[in-house]
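Fold and geometry: a report
Single-letter residue listing:
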Amino acid sequence: LTPVQMAGSASDADAAITSALWFLHGLPHGAGLTPLTPLPVGTNLMTLRVSDALGRIATDDVTIRITDTTPPFISATASPATIWPPDRQYVPVTLGWAASDRCSPITITARAWSSDPDGGNGSTGDVMAGSVVSSDANPVVSFTPGVTPLFVRAERDGSTANGRTYRIEFTATDSHGNRWVTSA
């Protein structure tokens, strides 16, 4: 919900204004001419109804559109941080993540890939997520964390001093299309 400062006004030449009530889609949602009121994402029909001392009522409508432009937040971890020995076996990767959004549910997706070309040392499939295995034609594997298990091959080609690294990228997307990406 987004706090919105309402800015109503009312005057009556014959009698004093005795009440001012706000309604959101016909339901009571605030009192006074200028309340701070929470509104949900989307189009909101607000109606101000004022009454005077003689019992006369006047109303006015205003449409307020609240748009979600803030991306969700996600942080992620992967374990183990180091794989040894490089025996060409698949090693399970434990993933951890935390995600939140102010306005809507979020979907978490992930992709993983190796710093070395797939198929180094005569092997294929450096990254495996469920039944999907990476290849030279498809070096990045996409998967749903927490649903699909992730495995990486304990291997290095020896051409770099730091050895092989794997990158796991998490994307959090809210129902309004806002995205946040982080890596583990």
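All values reported here derive from a predicted model rather than from experimental measurement.

Let us look at the environment of Trp-180. Along the chain, the position of Trp-180 falls in strand 15 (residues 179-183). By relative accessible area, Trp-180 is classed as partly exposed at 38%. With 107 residues separating them along the chain, Trp-180 and Phe-73 place their C-alpha atoms 6.1 Å apart. Excluding its chain neighbours within four sequence positions, the residues that come into contact with Trp-180 are Pro-71, Pro-72, Phe-73, Ile-74, Phe-170, Thr-171 and Ala-172.

This paragraph deals with the pairing of strand 4 (residues 36-39). Residues Thr-37 and Leu-39 line the buried face of strand 4, whereas the alternating positions Leu-36 and Pro-38 sit on a face that is not buried. The sheet contact formed by strand 1 (residues 2-5) and strand 4 spans four bridges and is antiparallel. Across the sheet, Thr-2 pairs through a bridge with Leu-39, a residue of strand 4.

Right, let's talk about the packing of aromatic side chains for a bit. Throughout the structure, instances matching the rule amount to two aromatic pairs. Plain terms: the ring middles of Trp-97 and Phe-170 are 6.2 Å apart, the flat faces sit at 35° to each other, and that makes the pair tilted. Taken together, the residues span a long stretch of sequence, with Trp-97 in strand 8 (residues 90-100) and Phe-170 in strand 14 (residues 166-174) at a distance of 73 residues. The ring of Tyr-90 carries Arg-153 above its face, with NZ or CZ at 4.5 Å from the centroid.

With that settled, consider the layout of surface pockets. Roughly 400 Å³ of volume is contained in the largest pocket. If you trace the largest pocket, you find 21 residues lining it, with Ala-81, Thr-82, Ile-83, Arg-164 and Tyr-166 closest to the centre. When contributions to the lining of the largest pocket are tallied by element, the ones reaching two or more residues are strand 13 (150-153) and strand 14. Per-class residue counts for the lining of the largest pocket are 13 nonpolar, four polar and four charged. For the second largest pocket, the lining is made up of 14 residues, of which Gly-8, Ser-9, Trp-22, Leu-48 and Asp-60 are closest to its centre. Elements with a minimum of two residues in the lining of the second largest pocket: strand 5 (42-52) and strand 6 (57-66). Considering each element in turn, the lining of the second largest pocket owes the most residues, six residues, to strand 6.

Of all hydrophobic cores here, the largest spans 16 residues; its most connected members are Val-93, Leu-95, Ala-112, Phe-143, Leu-150, Ile-168 and Phe-170. Elements with a contribution of two residues or more to this core: strand 7 (73-79), strand 8, strand 9 (106-114), strand 10 (127-129), strand 12 (141-143), strand 13 and strand 14. Excluding residues within four positions of it along the chain, Leu-150 makes contact with Val-91, Pro-92, Val-93, Leu-95, Ala-112, Val-127, Met-128, Ala-129, Phe-143 and Ile-168. Ranked by size, the runner-up nonpolar core spans eleven residues in total, among them Met-6, Trp-22, Leu-24 and Val-50.

Summed over the entire model, instances satisfying the criterion amount to nine salt bridges. Put simply, Glu-169 and Arg-111 hold a salt bridge, and the shortest N to O gap is 3.0 Å. Here Glu-169 is found in strand 14, whereas its partner Arg-111 is found in strand 9, with 58 residues between them in sequence. Accessibility expressed as a relative area gives 33% for Arg-111, which makes it partly exposed.

Bringing unusual backbone geometry into the picture now. Cis rather than trans, the peptide bond between Ser-79 and Pro-80 has omega equal to 10°. Turning to its location among the elements, Pro-80 is positioned in the loop between strand 7 and strand 8. Cis geometry is adopted by the peptide bond preceding Pro-85, which originates at Trp-84 and carries an omega value of 0°. In this structure, Pro-85 sits in the loop between strand 7 and strand 8. Even without being glycine, His-25 reaches a positive phi, approximately 50°. The exposure class assigned to His-25 is partly exposed, which follows from its relative accessible area of 48%. The phi dihedral of Arg-88 falls on the positive side, at around 65°, and the residue is not glycine. Relative to the helices and strands, Arg-88 resides in the loop between strand 7 and strand 8.

About the thresholds
- Residues numbered from 1 in each chain as written.
- Predicted model: local features only at pLDDT ≥ 70, side-chain atom pairs only at ≥ 80, totals over all residues.
- Heavy atoms only, no water.
- Helix = DSSP H or I, 4+ residues; strand = E, 2+ residues; numbered from the N terminus.
- Buried < 20%, exposed > 50% of the residue type's maximum accessible area, 1.4 Å probe, protein only.
- Contact = heavy atoms within 4.5 Å.
- Pairing = 2+ DSSP bridges.
- Phe/Tyr/Trp six-rings, centres within 6.5 Å; stacked < 30°, edge-to-face > 60°.
- Lys NZ or Arg CZ within 6 Å of the ring centre and 35° of its normal.
- 1 Å grid on protein atoms, 1.4 Å probe; cavity = no way out; pocket = protein on both sides within 12 Å on 5 of 7 lines; lining within 4 Å.
- Points joined across faces, edges and corners; volume = space filled by probe spheres on them.
- Nonpolar A, V, L, I, M, F, W, Y, C, P; charged D, E, K, R; others polar.
- Core = buried A, V, L, I, M, F, W, Y, C linked by side-chain atoms within 4.5 Å.
- Salt bridge = Lys/Arg side-chain N within 4 Å of Asp/Glu carboxyl O.

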